[in-house]
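# Residue-level structure breakdown
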Amino acid sequence: MDPTAVSEGVFGYAEVTLDKAGRFLIPAEFFEQMKGRAPMRMTVELEGNCLEVRTEEAFASLAQRIRSAARRLSPEAISALMIEYLGYSVQVQVDNAFRLTVPKKMRETFQDESELVLVGVGEALQIWSRKAFRATQEKRREVLRKEMSRVVNAVYGLGETDTDPAADREADA
C-alpha cells in the first residue's frame, strides 16, 4: 500500500448502532474504501479491545507479515498470534442494504453494547463499543502527548528529525 494514497487505506470515524440481529450500517466512505461488498475477514484486535475488518487481500498481507516475523518471535508468541489473531477470524460480507453482520462469537467483544465506534486505521476498520473506545481514548492521547516531539514531524509534514527515536526513548528512561 502506498502510504501517501489515502484512497488505498481505510481512514475515518463514525458512530453506528448494532441492531438486534448483530448488524450495523456501513457508512458510504468506509464501504468504498473497503472495496464494497468484496469478502472481508474479521478478527479480534491483539489486545481484545475491538474487532478489526480487513479485505481478504489486506488480511493475506497481514498473515504474510506475521509469518515473516515468526523467526524473531518466541514459539509461544507466534503460536498465540496464529491461534488467537489469525485463526480466530471469520469471513464477513456486506449485504445488499450495506449492513455488516458481526458474527455472534465476535459480538462478545462489545459486552452487550449496541452503540459502536468505527475507526479506519489504514489497512483495517476497527469496530469498538463506544464505551471501550472512550475508556481507552485518554491513554492514546497521553501517548501522543508524551511522544509529541517525535510525532509532530509526521503529523505536520515538517520532515525527518536527525535523532534516533529508539535512542531518545532509552535516554528518557
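Residues numbered from 1 in each chain as written. Predicted model: local features only at pLDDT ≥ 70, side-chain atom pairs only at ≥ 80, totals over all residues. Heavy atoms only, no water.

### What about the overall build of the protein chain?
Broken down by element type, the protein chain carries seven helices and eight strands. Counting only residues that meet the buried cut, the protein chain has 35% of its 173 residues in that class. Restricting the contact set of the protein chain to residue pairs at least 6 apart, pairs at least 24 apart contribute 55%. Of the accessible surface of the protein chain, which amounts to about 10,800 Å², a share of 54% is contributed by carbon and sulfur atoms. (Helix = DSSP H or I, 4+ residues; strand = E, 2+ residues; numbered from the N terminus. Buried < 20%, exposed > 50% of the residue type's maximum accessible area, 1.4 Å probe, protein only. Contact = heavy atoms within 4.5 Å. Areas by Shrake-Rupley, 256 points an atom, 1.4 Å probe, with all protein chains shown as cover.)

### What to know about the sheet that holds strand β8 (residues 125-129)
With antiparallel pairing, the six strands of this open sheet are ordered in space as β1-β7-β8-β4-β3-β5. Strands at the two margins of the open sheet, each flanked by one partner only, are β1 (10-17) and β5 (89-92). Adjacent strand axes in the sheet meet at a mean angle of 20°, parallel and antiparallel pairs treated alike. The pairing of strand β4 (residues 51-55) with β8 spans three bridges and is antiparallel. Note that in β8 the partner of Leu51 across the bridge is Ile127. Docked against the sheet, helix α2 (residues 56-69) engages β3 (40-44), β4 and β5, running at close to 105° with respect to β4. In the packing of helix α5 (residues 130-146) onto the sheet, contacts are made with β1, β7 (115-122) and β8, and the angle to β8 comes to roughly 105°. (Pairing = 2+ DSSP bridges. Axes fitted to C-alpha atoms, helices over the stretch in contact; angles between N-to-C directions.)

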